[in-house]
Structures are given as structure tokens and as C-alpha cells.
Number of protein chains: 2
Amino acid sequence: MNNIIIEPLQGSWQALATQPSPDSSIMAEIVTEILADVQLNGDAALARYSLKFDKYVPTSFLVSDSEIIAAEDEVAEELKAAISVAKKNIEKFHKAQLPGKVKKITTAEGVQCWRQYVPIETVGLYIPGGTAPLFSTLLMLAIPAKIAGCKNIIICTPAGKQGIIHPAIRYTAQILGLKNIYKVGGAQAIAAMAYGTESIPGVDKIFGPGNNWVTQAKKMVSMGETSIDMLAGPSELAVYADESCIPSFVAADLLSQAEHGPDSQVVLVAKNLGIVEKVAIELNFQLDLLSRRKIANQSLIHSRFIVIEDEENAFNFLNFYAPEHLIIASEKAKKLSSNVINAGSVFLGNYSSESSGDYASGTNHSLPTGGAAKTYSGVSVDSFVKKITFQKISKKGIKNIGTSVEIMAQAEGLDAHRNAISIRLKSLDNEQIQS
Amino acid sequence: MNNIIIEPLQGSWQALATQPSPDSSIMAEIVTEILADVQLNGDAALARYSLKFDKYVPTSFLVSDSEIIAAEDEVAEELKAAISVAKKNIEKFHKAQLPGKVKKITTAEGVQCWRQYVPIETVGLYIPGGTAPLFSTLLMLAIPAKIAGCKNIIICTPAGKQGIIHPAIRYTAQILGLKNIYKVGGAQAIAAMAYGTESIPGVDKIFGPGNNWVTQAKKMVSMGETSIDMLAGPSELAVYADESCIPSFVAADLLSQAEHGPDSQVVLVAKNLGIVEKVAIELNFQLDLLSRRKIANQSLIHSRFIVIEDEENAFNFLNFYAPEHLIIASEKAKKLSSNVINAGSVFLGNYSSESSGDYASGTNHSLPTGGAAKTYSGVSVDSFVKKITFQKISKKGIKNIGTSVEIMAQAEGLDAHRNAISIRLKSLDNEQIQS
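The paragraphs below set out a description of the structure included in this document. Every chain is numbered on its own, with residues counted from 1 as its sequence reads. The naming scheme follows written order: chains are lettered A onward, ligands numbered 1 onward. Only residues with pLDDT of at least 70 get local features here, since the model is predicted, and only at 80 or more are side-chain atom pairs given and counted; chain-wide, interface and lining totals rely on the full set of residues. Each side-chain value is worked out from all heavy atoms of the structure, with water and hydrogens disregarded.

**Describing the overall build of chain A**
Helix and strand content of chain A: 17 helices and 14 strands. For chain A, the spread of C-alpha atoms along the three principal axes comes to 90 × 60 × 45 Å. Think of it in three bands: residues with accessible area under 20% of the maximum for their type are buried, residues over 50% are exposed, and the middle band is partly exposed, with areas taken using a 1.4 Å probe on protein chains only. Across the 435 residues in chain A, those meeting the buried criterion constitute 59%. For chain A, contacts bridging at least 24 residues in sequence account for 74% of all contacts bridging at least 6. The method behind every accessible area is Shrake-Rupley, applied with a 1.4 Å probe, and residues are considered shielded solely by the protein chains displayed. Surface exposure of chain A reaches about 16,600 Å², of which carbon and sulfur atoms provide 52%. Secondary structure elements are taken from DSSP: a helix is a run of H or I of four residues or more, a strand is a run of E of two residues or more, and numbering for both begins at the N terminus. Two residues form a contact once any of their heavy atoms are found within 4.5 Å.

**Let's talk about the side chain of Asn89(A)**
Among the secondary structure elements, Asn89(A) is positioned in helix H5 (residues 77–95). Apart from the residues lying within four places of it in its own chain, the contact partners of Asn89(A) are Ala360(A), Ser361(A), Gly362(A), Thr107(B), Ala108(B) and Ile401(B).

**Quick look at the interface of chain A and chain B**
Contacts between chain A and chain B engage 119 residues on the former and 119 residues on the latter. Of the roughly 10,100 Å² buried between chain A and chain B, counting both surfaces, carbon and sulfur atoms make up 59%. Computed with a 1.4 Å rolling probe, the buried area is the accessible surface lost when two parts are put together, summed over both parts. Considering only the surface of chain A that becomes buried against chain B, Tyr351(A), Met408(A) and Glu412(A) emerge as the three largest contributors, covering 8% of it. Salt-bridge detection follows one rule: a side-chain nitrogen of Lys or Arg within 4 Å of a carboxyl oxygen of Asp or Glu. The interface formed by chain A and chain B holds six salt bridges in total. Salt-bridge contacts for Asp382(A) lead to Lys387(B); the nearest nitrogen and oxygen are separated by 2.4 Å. N or O atoms closer than or at 3.5 Å make up a polar contact, with two conditions inside protein: a donor-capable atom paired with an acceptor-capable one, and, for residues adjacent in sequence, both atoms drawn from side chains. For the interface between chain A and chain B, the tally reads 64 residue pairs in polar contact (both at pLDDT 80 or more). The element best represented in the side of chain A that touches chain B is H5(A), accounting for 10 residues. Each residue receives one of three labels: charged for Asp, Glu, Lys and Arg, nonpolar for Ala, Val, Leu, Ile, Met, Phe, Trp, Tyr, Cys and Pro, and polar for the others, Gly being one of them. Across the side of chain A that touches chain B, the residue classes break down as 55 nonpolar, 39 polar and 25 charged. By the convention used here, strands pair only if DSSP detects at least 2 bridges between them. Bridge analysis of strand E13 (residues 345–348) of chain A against strand E14 (residues 385–393) of chain B gives four bridges, and the strand direction is parallel.

**Considering the pairing of strand E3 (residues 111–119) of chain B**
Residues and elements named next belong to chain B. Inspection of the sheet shows strand E2 (residues 105–108) paired to E3 by three bridges, in the antiparallel sense. Directly across from Thr 106, in E3, lies its bridge partner Gln 112. A loop of two residues connects E2 with E3, the two strands running antiparallel in sequence, and Gly 110 in this loop sits at a positive phi of about 85 degrees. Note that E3 and E14 share nine bridges and pair antiparallel. By the bridge assignment, Cys 113 is partnered in E14 with Gln 391.

**As for the pattern of salt bridges**
Per the counting criterion, the structure on display carries 28 salt bridges over all chains. Across the salt bridge formed by Glu311(B) and Lys271(B), the nearest N and O atoms sit 3.8 Å from each other. On the criterion of sequence distance, the pair formed by Glu311(B) in helix H13 (residues 311–321) and Lys271(B) in the loop between strand E10 (265–270) and helix H11 (273–287) is long-range, its members being 40 residues apart. A salt bridge links Glu311(B) to Lys332(B); the shortest N-O distance between them is 2.6 Å. One end of the pair, Glu311(B), is in helix H13; the other, Lys332(B), is in the loop between strand E12 (325–329) and helix H14 (333–336), and 21 residues separate them in sequence. Accessibility expressed as a relative area gives 33% for Lys332(B), which makes it partly exposed. A single network of salt bridges, built from pairs that share partners, joins Glu72(A), Glu77(A) and Lys80(A).

**Concerning unusual backbone geometry**
Positive phi, normally seen in glycine, also occurs at Glu7(A), with a value near 45 degrees. For Glu7(A), a relative accessible area of 36% gives the class partly exposed. Even without being glycine, Lys55(B) reaches a positive phi, approximately 60 degrees. The residue Lys55(B) is located in the loop between helix H3 (43–54) and helix H4 (65–74) in this model.

**Some words on the environment of Met223(B)**
Note that Met223(B) resides in the loop between helix H9 (212–221) and strand E8 (227–228). On the basis of relative accessible area, Met223(B) is assigned to the partly exposed category, the value being 28%.

**Some thoughts on a positive patch on the surface**
Here, patches come from residues exposed beyond 30% relative accessible area and free of salt bridges, joined within 9 Å for like charges and within 5 Å for nonpolar side chains (Val, Leu, Ile, Met, Phe, Trp, Tyr). Asp and Glu count as negative and Lys and Arg as positive, but His and the ends of the chain are not part of the count. For this purpose, a charge sits on NZ of Lys, CZ of Arg, CG of Asp or CD of Glu. On the surface, Lys101(A), Lys104(A), Lys392(A) and Lys334(B) cluster together to form a positively charged patch. Its place among the elements puts Lys392(A) in strand E14 (residues 385–393). Residue class for Lys392(A) comes out partly exposed when judged on its relative accessible area of 34%.

**A few points about the relation of the copies chain A and chain B**
Superposition of the two copies of the chain requires a rotation about an axis together with a shift along that axis. All copies are superposed by least squares; the fitting set is the C-alpha atoms of residues with a pLDDT of at least 70 in both. Relative to chain B, chain A is turned by 180 degrees and slid 0.0 Å along the rotation axis, the superposed coordinates differing by an RMSD of 0.0 Å. Taken together, the rotation and translation relating the two chain copies correspond to the operation of a two-fold axis. Of the residues that chain A buries at the interface, 100% are likewise interface residues in chain B, meaning the two copies contact each other through the same surface.

**Section: a negative patch on the surface**
A cluster of acidic residues, Glu7(A), Glu243(A), Glu309(A), Asp310(A) and Glu312(A), forms a negative patch at the surface. Relative to the helices and strands, Glu312(A) resides in helix H13 (residues 311–321).

**Digging into helix H6 (residues 135–148) of chain A**
Residue and element names in this part refer to chain A. Expected span, for any helix, means 1.5 Å times one less than how many residues it has. The end-to-end C-alpha distance of H6, which contains 14 residues, comes to 20 Å, matching closely the 20 Å that a straight helix rising 1.5 Å per residue would cover. In terms of residue burial, H6 counts as a mostly covered element, since 13 of its 14 residues are buried. Remark: Gly 149 follows H6 within two positions and exhibits a positive phi of approximately 100 degrees.

**Focus: the packing of aromatic side chains**
Residues and elements named next belong to chain A. The pairing test for Phe, Tyr and Trp rings, Trp by its six-membered ring, is centres within 6.5 Å, and the orientation test on the planes gives stacked under 30 degrees, edge-to-face over 60, and tilted for anything in between. Evaluated as defined, the whole model comprises 16 aromatic pairs over all chains. Between Phe 249 and Tyr 351, the ring centres sit 5.5 Å apart and the planes meet at 75 degrees, which makes this aromatic pair edge-to-face. Here Phe 249, found in helix H10 (residues 247–258), pairs with Tyr 351, found in the loop between E13 and helix H15 (354–359); they are 102 residues apart in sequence, far enough to count as distant. You can call Phe 249 buried: its relative accessible area is 3%.

**Digging into the sheet that holds E12(B)**
With mixed pairing, the nine strands of this open sheet are ordered in space as E2(A)-E3(A)-E14(A)-E13(B)-E12(B)-E9(B)-E10(B)-E11(B)-E1(B). The outermost strands of the open sheet, each flanked by one partner alone, are strand E2 (105–108) of chain A together with strand E1 (4–6) of chain B. When strand polarity is set aside, the average angle formed by the axes of neighbouring strands in this sheet is 20 degrees. Bridging between E12(B) and strand E13 (residues 345–348) of chain B involves four bridges; their strand directions are parallel. Across the sheet, residue Leu326(B) finds its bridge partner in E13(B), namely Val346(B). Contacting E2, strand E3 (111–119) and E14 of chain A, helix H5 (residues 77–95) of chain B crosses the sheet at an angle of about 170 degrees to E2(A). Axis lines are fitted to C-alpha atoms, over the contacting stretch for helices. Their N-to-C directions set the angle, which ranges from 0 to 180 degrees.

**What about the sheet that holds strand E7 (residues 205–207) of chain A?**
All names here are of chain A. Spatial ordering of the open sheet is given by E6-E5-E4-E7-E8, a layout of five strands whose pairing is parallel. Strands at the two margins of the open sheet, each flanked by one partner only, are strand E6 (181–183) and strand E8 (227–228). As defined by bridge partners, strand E4 (residues 122–126) adjoins strand E5 (residues 152–157) across five bridges and the pair is classed as parallel. Its bridge partner lying in E5, Val 123 is registered against Ile 153.

Here is the structure:
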């Protein structure tokens, strides 16, 4: 392996953390055209692009009730049971994210302020169906949307050349009670949800991962009226391993990330070279047994195996990198985790595999990539609500804070702001204020 | 007044909610150049643009300790007292936004998941100093940043032709214990905070309003590595008024919004034409008394006075419009407020003036504009933290959920994901698991 780096100096961290990124200038041009076309021509444009890119145009974009019901018989019982376990755990973790009772804060006598969580009305979920039918992503997005209380939940997912949406996606939609599923993928699906077409309603916010075309389209519509969850770059995993790690587990975790795609990034930060060597042996052994070994191998080529002995320094590097997923493969994972400042989701100890979080432990797998974990959080119930502030100021309240507002408004040169207070205070001049 | 609209049909709502927006294509070109120049040439570029746009280059961008201390004597006692009242109330409201104790959720036996609020390390606050020295914005941004626990708080604000930052801004920084204040404004300040220069550290997230140049620069850097709070468009106020409103108060509130700038938008939705007429009389009377009457008048020209008798329909329109600020000027404001779905901040009743929230009631005045309130919230402590998910899965835990993960990974065609579980389960085959 020629991607082992020992005790990298801080000056080289930027280069180590840099990820392969696609050249987007030509893509931007094409996506701009698709967006404009769908905005102008609606379903007709969707049909054209579906034929061009997916080699299939459905007679109706909307998946029929009978297609949804049929999924019940098309999905194996053991998969149904597994989805049910995942659903239960994801629901449990995300329900706990709902805010408690609204806290009304009396900041001054007669001045009451509070925040209310109000669901976003209409959300669109993009579920990729290309190399893998990601019904797990449907669970991860639709469950918090439902818990938040979004009124309209729209799903777009590509149908494939046979015009069929994978049964597991239809089945998952069915058990979640979702009916607005549309057979359309790619940049054109994002355009449809951003602008609305005859068949597909426009939404307030678009969620979900996708290929570079989908990401480019999300980036562009987010400059206008439609919000997005985040820009999903290639997936990343960093593993921190010390002597108490189990090298075969570490190798298995690194490979589970590497199989996502040739641009997935895998970083191992180990306390010493011996650990790297043990993991490397396991990697080579396990790689050969994988069906997606070609993809995994391509990803491993630009992955990094870094030795940093000093724990604090190791976590400084990991925070600088800000990985989407971070596994702390150590028996003292809990203690080490207090060093984490930047990461999307953290997995503690030898038995917390990333794949558990990808599917069924309950946490969300839609997470910030490409360093975005420095400022962004993964998808949660919060992603589907706004927090609106409210205030109720009584006569007593305006008497209490009014003068301060007048003076500050005056100092900022904002007369009319001051006057909005003065006119109220004046009206109260001869009034005995009780509350 | 020729901007009175009576019972508008839903088809016309889009036109009524549409706001004036600047043509940004030429601006984009210029700002792209500024960003690239600052990224490449650092302080030298900052100095050039400061001279060009602000007619002043400081010998040091960093405001000196003595300048900060001097503010103590330059600010009137009554303004100091007012700022102190505002600070106390803003702190009280924002402290209540801190999460309680971390809730660890056991989703299945042996599977523990939780979210931890971790402050963003380095934030940059842009404080405009052009037409008004917005020390109130410094309070609104720095207080939640400090409560969140951000390690580094950087401030950029233009110094003006005399090279002096308004005393109230320096004083506010002083009482908040902030020392990293830099004399630079405009797009070049945003570039400095995004990329870092010799003098000014690069930040993870940039906050704060500004003119069109600042907003354009924030938009552009947010496409890259730096996050932003939101894109601040022209400020907006919608007032809903019924017979129980006090027309002179409504007029004062509309004017307080109108004076912000010629592109500020003011919308009155009234239950009947009589209310509009009464407010209009007051508007004309109060307008003449304002120092900024020219600006306010320009803004009023493209403002709208809408009559909608049906309460539900009125709030449907207001939700469609999704105003930054919404005043419900009615004695039954509390009841009516249950209709609010989209708004940044809501003011209930005749004594809750918007200007109170702008300065001293405790709520934040950095709010989503241009319809963004459909999906975005105003600035809060949440804006300065990430929520990182953690999970700790025990041997028992992996036994409990492992099989479900294996089956789902298999169904998505992700072998290595399955294998990361299988290898762990296999290792436990002959082990008696306690917990």
C-alpha cells in the first residue's frame, strides 16, 4: 500500500482531507437546460428526459394504488420483518427529537416570548434507484417527515427500464402510508419537485441523495425558491483505531464504505503502524470475497491510512477532516468521543458498525459530507420544521422595555422604529397599568 | 392610494407576494472577481477594495484594544442602559434555547443512540455600518454565538471614511467581551472571512445582513466551503388588522418597516376597507414627521393594502406570502395566531410592535425573508451548533439488530455492509452474551 502516511504535519492536512470532486461546469450547463425546460414544459419535458436518460416513460408518473398494494406479495417475509425492526428503531429515536411543551419565557414583566415548532407543509423526497434501490433512505427521510407533521410528502424515484419501482421501495412507502410516489429520477425529478408540473406538485423543501446530476440540480434550485436538506457528496468514513480495536472488524467497516462507489472515501487513523498492517491484511482478504470488489478497490486506491500516535493530535486531524461517519474502534471509545467536534455520526466501540446506523439502529443515515459536518447536522425531525418566534407584549410590557427601544432606535437613526414605541407609550400616559 | 386590493383571487397571490429583486448578473461578475482576488492576495486585496469602495484603508484591520476601551466614554449613559436591558432580555430568551440534558435513547436492548449539541468552532459576524450602525445586530448574533459556546467569534464591519467604527458597535463588542473586530466591509469582508487573510482568520460559518454586494458574496461563498446563516433580502412586514386594531399603531408599525430601505416591503391585510382607510390617514400624517420619510415613501409605493374579510382566507394568503415579520393587530391575536404556518417572527396584539422585537424584547431580529420562512427559521442558538449523533452498540445490541441489517443490506445489494455485521455476529457465535 502506498497510501500510508506516518505522523503527517499539520501543513499537509488540507491535502489529506481533500476529496475527489467532479468537474461540474459542463454538468451545470446541461442541468440549467433541464431545469428551465421542466419549468416551462412540465410533464412533456419530464417524459422527454425520462426517455433519454432512463429509457422509459410511464403512462402515468404517479405510482398506482395497485402497484403499491402488490408490493406486499413481492417482498420476502424476512425482509418485511427487517424493515419493521428498522422502522420501529428509527421512529423511537426520531420521536425523541420532538420538542417538549412550548417554553414561554417572560424576558421582562409583560413581555412574553416563545418559539413554536411548525412543520414545513410540503416536502419532496428523492430516493435513488440506480445502482441500489435505497428503501432505507425512504425510511430515513419519510419517518422524520411524518413525525414532524408535514402535510404533504411527495416521493420521486426512477423506475428503471422496465418501468417498475423496486418492490422494497413500494413496500416501504405502503407501510409508511405514503401515496404520492412518482416514477421519475435524475435532475428532471428535482426540477419537477422545485417548480411543479401537471402531475407532480411543487414542494417547499427537497431531501435525499442522488448522483452528481441530482446534486447539481439540487444545488441550482436551492439558489431560488426551493430549500434543500444538504448537498450530498461522496460518502466518507473515518475510523480511529488503537490497540484495542479488532482489525477484521475495522477492515469490514472500511470496505462497507468503499463499496458505495469509486469516489467514496475511507480514512483510517491508527495509533501505530502495526494496527495499519493488521487491518491491511484483513482488507485484502475480505475484499476478494465481495461482489462489489471492483468498486471497493477503486475507492481504496484514493483512501488514506494515517498513523498518529498522540491521541489529541489524532482527533485534531479528525476534526479538521470532519468526516460524515466516524467509528472509534477502541475499548475506551466513550472517553475518546469527548474529543469529537466535527463529524456527522459517531460510532463507539468495536460492535458499533457503521452499517448498523445505515439501516436499523435508529439514527439517521442522511449526513453531511465533504467537511460540511463542521457546520451542518444530519437529517432529523428538525429538518422538517421551522421554529417560529412569537411575542406578546402587554401595556405593562411596553412601559418596561419601550424607553430602551426608543433610545436604541434613535441611536441607529431609525425614527419610525422609535415612533412605533412612542405612539404607544403616549397613549398610555394617563392610564393606570395593571399588567 | 392605488395599491388597495380587495378580496384578491388565489390566482393573483403569486403576483401580490412577489418582491422587487435586484438584477444580479453584473453584480455576480464583480463579486466573483473580488472573491478570487481576496483569496489570492489577502490583505493587499482587502486594502485595495477598502480604498475603492469605502475611501479608507486602516493601518491595521484589527480594531485596537484602546479603541474598544474608548467606547466606554463615547457612548451616552442612557444608550448604555438601553443596551444593557436589551442584552439581558436577549440573553434570557436565547439561554432557554439550550438543550436540556442529553437524552440517550435505547432503541433496542444494547443499542443506545443520542444527539449531542456541539458548537461550531469559528463564526464570522458581519455587522453593517453603512446607512445605520447596527449595534443591535451585533447583540442578536454575538449573544447566541456566545451561549452556544463558539470558540472563536470574528466580527467584520466597515469603518467609514474617517476610519472609525461607530462607538455603539465598539461598546457593544466590549460588553460582550469580543476582541476580534476588523475594519472591513462589503463583499471583500465576506471573502476575508470565507478564505482567511494574513490579518483575518477564515471562519466556518458567516452570519449577518448586508447590502446586495454582501448578500451576493455570501451566496457565492456558501456554494463552496463556508456556510452562511441565510440570504438576507429586503426586510418585510405584514400586518393583519381587524376592527379591534388601533389604526395609528398599525400605521406606525408599517412605517417602521418602510424606513429600512426603498425596497422594504409592507403589506397590510385588513378585514374591511374601513380599516385600510383609517390606517391610510394615519400613515400620511405620520410619514411627514419622519426624518427618513423619503425612503419610507419609496417603500410605500410598492406596498400593498389588501382587504380579505374571511379570516381563514386572510391567513391562507399570509401563509402563502410567508412574511419575515407578522403583526396580528387584534384583541384576539392569540386565537388567530393558531393559523400561522409560515412567518419568521409573530407579534401578537396591539402593544407588540415589531420594533420591540428588533431591539429589546429578547427574540432575534435575524429572520428569513423573501418567502424563506416557509422552510427556514430565524437565527437562534441552534444556528451556532451542530447536532452530532452518537451510538454505542453492545454485543447484545448487535445480536438484536444484526440480522435485520444483514437482510436489508443484502436487499440493497450492499455485500460489504452485510459483512460488517456478519463478521461481528460470527465472532460472538460461541460467546454467552450478558449485555
